[in-house]
Amino acid sequence: MKKMGMCSLRGWKGVLGRKLFVFATILFVASIVYFYIDFPLKISNRILENGYHQHEDDVYNYEEIIQKEEGQAISFNKSSNDVIVFVHIQKTAGTTFEKFLVRYQQSLPCKCQAHKKRCNCGRNASNETWLFSRYSTGWVCGLHADFTELVVNSCVQRVLDKQAGHKKRRNYFYTTFLRNPTDRFISEFRHVQRGATWISSKHVCDGKPASINDLPTCFDPRIGWEGVSLEEFISCPYNLAFNRQTRMLSNLSLVGCYEHLRKPSYEQDKIMMESAKQNLRQVFYSDYYTQVKKR
Ligand SMILES: *[C@@H]1O[C@H](CO)[C@@H](O)[C@H](O)[C@H]1NC(C)=O
Ligand SMILES: *[C@@H]1O[C@H](CO)[C@@H](O)[C@H](O)[C@H]1NC(C)=O
Ligand SMILES: *[C@@H]1O[C@H](CO)[C@@H](O)[C@H](O)[C@H]1NC(C)=O
Ligand SMILES: *[C@@H]1O[C@H](CO)[C@@H](O)[C@H](O)[C@H]1NC(C)=O
């Protein structure tokens, strides 16, 4: 009897724990969505330093910069050409967030159909999407596309221009989730152990997908890596789980793409780290404040 009591108590605790966890996660995500979309986002003057001006007409003109410097708040404008781009790093709660964006937040409802993975987040007037992510546009720039694929190789811009049928100026609001690197690594290991490989990721860099020479796989692609031991997982030098967050947020053109996996070097790691930090500061939202970048 006693034993049974303990069992059911433990079961009850487990259920409560899970519910609490889900609730806490939803609260967390909801507050982030609130801040991203509804909170008046201020522009920081760092826009002046950023080096992403590719075309003359993409640069803020002088008056615009002065206005913004003087503290005019810039917020996501749902009727303008603003696009939220979600950079989904594996095992950072990205899927939950992406589902939330298309299905549960109310400020910018997407049109979803039952049994369809993707929703239409087109603007009412133009039907052009305001959200670039897995459940709206899908993985159009490749599975778990990274900063190098999305931004350095201009995939987002190319895809959206193609959908619109012409070139267009947009404000891109890059967002991502980060997680404690060790927790994330373990979580990725467990996911791979369960059978995930992300083998169809393209890893575009310097304009082309990484070849098998640039980026050897840690396992036989016909078999996969299911059931891998932690020992084997951490002993493969080409395991992209290492340093994944830094790599996926840095400009890999600066370090010869995936060369760092063949010849690990402290110098290159440092360049990647600096690049990732700079991108987070300049291209992504930081805290609740953002910079808007016109490209
Ligand atoms: C949002 O964009 C629309 C269309 O470009 C514009 O008319 C409107 O003034 C903008 N709203 C804000 C708050 O900037
Ligand atoms: C489209 O219209 C609906 C209903 O009027 C509105 O709630 C929604 O915010 C609009 N979506 C966009 C992207 O403007
Ligand atoms: C709007 O775009 C979506 C895909 O982004 C498409 O499925 C849908 O048919 C379009 N709707 C209209 C009215 O053009
Ligand atoms: C990435 O690095 C390359 C090589 O230095 C540079 O030409 C390019 O402008 C950089 N792109 C971005 C978006 O940082």
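Residues numbered from 1 in each chain as written. Chains lettered and ligands numbered in written order. Predicted model: local features only at pLDDT ≥ 70, side-chain atom pairs only at ≥ 80, totals over all residues.

An unreviewed UniProt entry annotates the protein as Heparan-sulfate 6-O-sulfotransferase of Caenorhabditis remanei. Quoted verbatim from the Sequence similarities (unreviewed entry) field of UniProt, the annotation for the protein is "Belongs to the sulfotransferase 6 family." Regarding the protein, the UniProt comment filed under Catalytic activity (unreviewed entry) reads as follows: "alpha-D-glucosaminyl-[heparan sulfate](n) + 3'-phosphoadenylyl sulfate = 6-sulfo-alpha-D-glucosaminyl-[heparan sulfate](n) + adenosine 3',5'-bisphosphate + H(+)". (UniProt positions renumbered as here; feature names shortened; annotations may be inferred.)

Turning next to the overall build of the protein. Across its full length, the protein carries 10 helices and six strands. With 295 residues in all, the protein has 27% of them scored as buried. The long-range share in the protein, meaning contacts at least 24 apart out of those at least 6 apart in sequence, stands at 72%. (Helix = DSSP H or I, 4+ residues; strand = E, 2+ residues; numbered from the N terminus. Buried ≥ 20, exposed ≤ 12 C-beta atoms within 10 Å, placed from the backbone. Contact = placed C-beta atoms within 7 Å.)

What follows deals with unusual backbone geometry. Although it is not a glycine, Lys 91 sits at a positive phi angle of roughly 60°. One can find Lys 91 in the loop between strand S1 (82-87) and helix H3 (94-103). The phi angle at Trp 198 is positive, at roughly 55°, despite the residue not being glycine. By the C-beta count within 10 Å, which is 14 here, Trp 198 ends up partly exposed.

Turning our attention to helix H5 (residues 155-164). Those residues of H5 that fall on the buried side of the exposure criterion are Val 156, Gln 157 and Leu 160. What you see down the axis of H5 is that its buried residues fit within an arc of 95°, all on one side. Buried residues along H5 sit in contact with S1, strand S2 (131-132), helix H4 (147-152) and strand S3 (171-176). Looking one or two residues past H5, Gly 165 carries a phi angle of roughly 90°, positive in sign. (Arc of directions from axis to C-beta.)

This part is about the pairing of S1. Taken across its six residues, S1 has five buried, putting it largely inside the fold. Here S1 pairs with S3 via six bridges, running parallel. Within S3, the residue paired with Asp 82 across the bridge is Asn 171. Sheet topology note: the S1/S2 ladder contains two bridges and is parallel. (Pairing = 2+ DSSP bridges.)

Moving on to helix H6 (residues 181-193). Taking 1.5 Å as the rise per residue, H6 with 13 residues should run 18 Å; its terminal C-alpha atoms sit 18 Å apart, in good agreement. All of the buried residues in H6 are Arg 184, Phe 185, Glu 188 and Val 192. Here the buried residues of H6 occupy an arc of 100° about the axis, which is enough to place them on one side. Across H6 from its buried face, at more than 90 degrees, point the exposed residues Thr 182 and Asp 183. Looking at the buried positions of H6, the neighbouring elements they touch are helix H7 (230-235) and helix H8 (244-249). (Expected span 1.5 Å × (residues − 1).)

Now for the nonpolar core. Of all hydrophobic cores here, the largest spans 37 residues; its most connected members are Val 83, Ile 84, Val 85, Leu 150 and Val 156. Ranked by the residues each element gives to this core, the list is headed by S1, at five residues. Setting aside residues up to four positions removed in sequence, Val 83 forms contacts with Thr 129, Trp 130, Phe 132, Leu 160, Arg 170, Tyr 172 and Phe 173. (Core = buried A, V, L, I, M, F, W, Y, C linked by C-beta atoms within 7 Å.)

A word on the environment of Phe 76. Tracing the backbone through its elements, the reader meets Phe 76 in the loop between helix H2 (62-69) and S1. The spacing of Phe 76 and Phe 173 is 97 residues in sequence and 8.0 Å in space, taken between C-alpha atoms.

For Thr 129, the position within the fold is in the loop between H3 and S2. Thr 129 sits in the buried class, given 21 other C-beta atoms within 10 Å.

Bringing the environment of Lys 116 into the picture now. Tracing the backbone through its elements, the reader meets Lys 116 in the loop between H3 and S2. Note: C-alpha distance between Lys 116 and Tyr 135 (19 residues apart in sequence) is 9.4 Å.

The next point concerns the confidence of the model for the protein. Atom-level detail of predicted coordinates should not be read off regions where pLDDT is low. Looking at the protein, the pLDDT average stands at 79 and 71% of residues meet or exceed 70. Counted against residues more than four places away or in other chains, residues 1-13, with its pLDDT under 50, gives zero contacts. The model gives residues 286-295 a pLDDT under 50, and that stretch makes 34 contacts with residues more than four places away or in other chains. (pLDDT = per-residue confidence, 0-100.)

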